[in-house]
Amino acid sequence: MSKPRINAIYVTFLVVSLLCGVAGALQAPTLSLFLTNEVKVRPMWVGFFYTVNAIAGIAISFLLANRSDNKGDRRKLLMFCCLMAIGNSLVFAFSRDYLVLITVGVLLAAIGNAAMPQLFALAREHADRSSSEVVMFSSMMRAMLSLAWVLGPPLSFMLALNYGFTPMYLSAAAVFIGSILMIAFFLPSVPRLEQPVDEKVVPVSAWRNKDVRLLFFASLLMWTCNIMYIIDMPLYITSELGLPEGLAGLLMGTAAGLEIPAMLVAGYLVKRFGKRKLMLYAVASGVIFYAGLVAFPFKAALMILQLFNAIFIGIVAGIGMLYFQDLMPGRAGSATTLFTNSISTGVICAGLLQGVIVENFGHYPVYWAATVLAVLALGLMYKVKDV
């Protein structure tokens, strides 16, 4: 393969990451507001929706990951996932029936959400085949996702608050259409390598590995904290702090913007310090962030604290996935999916915890709970070996 072709593929991976990220960032930030204000359900049912959505996502992504690691064209599977994401966007654009959203919508979302781990798995395989620098390649793609979250949340709140949720979800569908076209015409098909017989038991032996388990549960707690914050923050700042709704999009966009240099610096420093040490720095920043939300619940502090949020999520999102892949060599799809399923499992826990806490105690205790979980994640992360 010639050098210009490799460069063109590299750029395409970055663009597709940005497009898929923007489509997701248009929908996720306002979901709790959508369910509360448009579908008009109680906080408990908002949390329950996130939980069901995550459970479906875990089941579907594991099935797709096992298939993609062993046979078939990962690129075609990626396009299929994006097509289902378009269907999901259309369901949310035109339905306000909670039963339809939590059944048809959740099923389509579960398949659509598998697009991102498949994209990163395809990128890892292509980087390995073309002898590209895997850590920086992955960090650049993660930076594109952060850029998407700089653009997406403010745009999401602007569209939803000024024009309604239907135009917002239709905009997400249009972005997914652009993603499919880019994948179809520019991304490569990486042939499956036949795995030796003794490597076919890797998924079982990998889960039996103490470090894989510790990393999974540490990642689960990290993402539980993050998703509790994402679910609750738009409602918290309006109903309890009396701040404007648009501030939620600004806070998310600010954190995402700061995540970009955090990811790139982490990708540069990983060879010097190792993944474990960087992850410990990240989780420590998360503890500071959530403790800060408890101690300083006002606008200026919310903005300043986004720096620690960015370090936390930027490093965990970029290095965490590579950590799983290095602990599970030869199973890029399964390792990436295990990482994303730690996120999905975190969504399950976050949806249940946030719903129960808000229903019984209000919004403020959510951030006490997040602080405790972040401390527990730091303790688990300390026990994972470096790779």
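Please read these numbers as outputs of a predicted model, since none were measured by experiment. (Residues numbered from 1 in each chain as written. Predicted model: local features only at pLDDT ≥ 70, side-chain atom pairs only at ≥ 80, totals over all residues. Heavy atoms only, no water.)

Enquirer: Sorry, what's going on with the overall build of the chain here?
Expert: On a plain count of helices and strands, the chain comes out with 15 helices and zero strands. Counting only residues that meet the buried cut, the chain has 58% of its 387 residues in that class. Taking the contacts inside the chain whose residues are at least 6 apart along the sequence as the reference set, 84% of them involve residues at least 24 apart. In the structure as shown, the chain presents an accessible area of about 15500 Å², 70% of it carried by carbon and sulfur atoms. (Helix = DSSP H or I, 4+ residues; strand = E, 2+ residues; numbered from the N terminus. Buried < 20%, exposed > 50% of the residue type's maximum accessible area, 1.4 Å probe, protein only. Contact = heavy atoms within 4.5 Å. Areas by Shrake-Rupley, 256 points an atom, 1.4 Å probe, with all protein chains shown as cover.)

Enquirer: Looking at this model, I keep getting lost on helix α10 (residues 210-239). Mind explaining?
Expert: Helical geometry note: an α-helix holds 3.6 residues per turn, so side chains three or four residues apart project in the same direction. The terminal C-alpha atoms of α10, which comprises 30 residues, lie 43 Å apart, in line with the 44 Å expected from a rise of 1.5 Å per residue. Burial analysis of α10 places 25 of its 30 residues in the buried class, the great majority of the element. (Expected span 1.5 Å × (residues − 1).)

Enquirer: What is the right way to look at the confidence of the model for the chain in this model?
Expert: Interpreting fine coordinate detail is not advised for predicted regions of low pLDDT. With 89% of its residues at a pLDDT of 70 or more, the chain shows a mean pLDDT of 83. With pLDDT under 50 throughout, residues 1-6 is counted as low confidence; its partners more than four residues away or in other chains account for five contacts. Confidence over residues 195-204 falls short of pLDDT 50; this stretch has six contacts with residues more than four positions distant or in other chains. (pLDDT = per-residue confidence, 0-100.)

Enquirer: I'm lost on the environment of Ala93 in this one. Help?
Expert: With respect to the element layout, Ala93 can be found in helix α4 (residues 74-94). On the accessibility criterion, Ala93 (2% relative accessible area) is buried. A C-alpha to C-alpha distance of 7.3 Å links Ala93 and Pro167, two positions 74 residues apart in sequence. Other than its neighbours up to four places away in sequence, Ala93 contacts Thr166, Tyr169 and Leu170.

Enquirer: Where do I start with the pattern of salt bridges in this structure?
Expert: When their charged atoms lie close together, side chains carrying opposite charge are able to pair. Per the counting criterion, the structure on display carries two salt bridges. Across the salt bridge formed by Arg96 and Glu38, the nearest N and O atoms sit 2.9 Å from each other. Here the residue Arg96 occupies a position in the loop between α4 and α5 (98-113), and Glu38 occupies one in helix α2 (residues 31-38), the gap between them amounting to 58 residues. Glu359 is paired through a salt bridge with Arg42; the nearest N and O atoms lie 2.5 Å apart. (Salt bridge = Lys/Arg side-chain N within 4 Å of Asp/Glu carboxyl O.)

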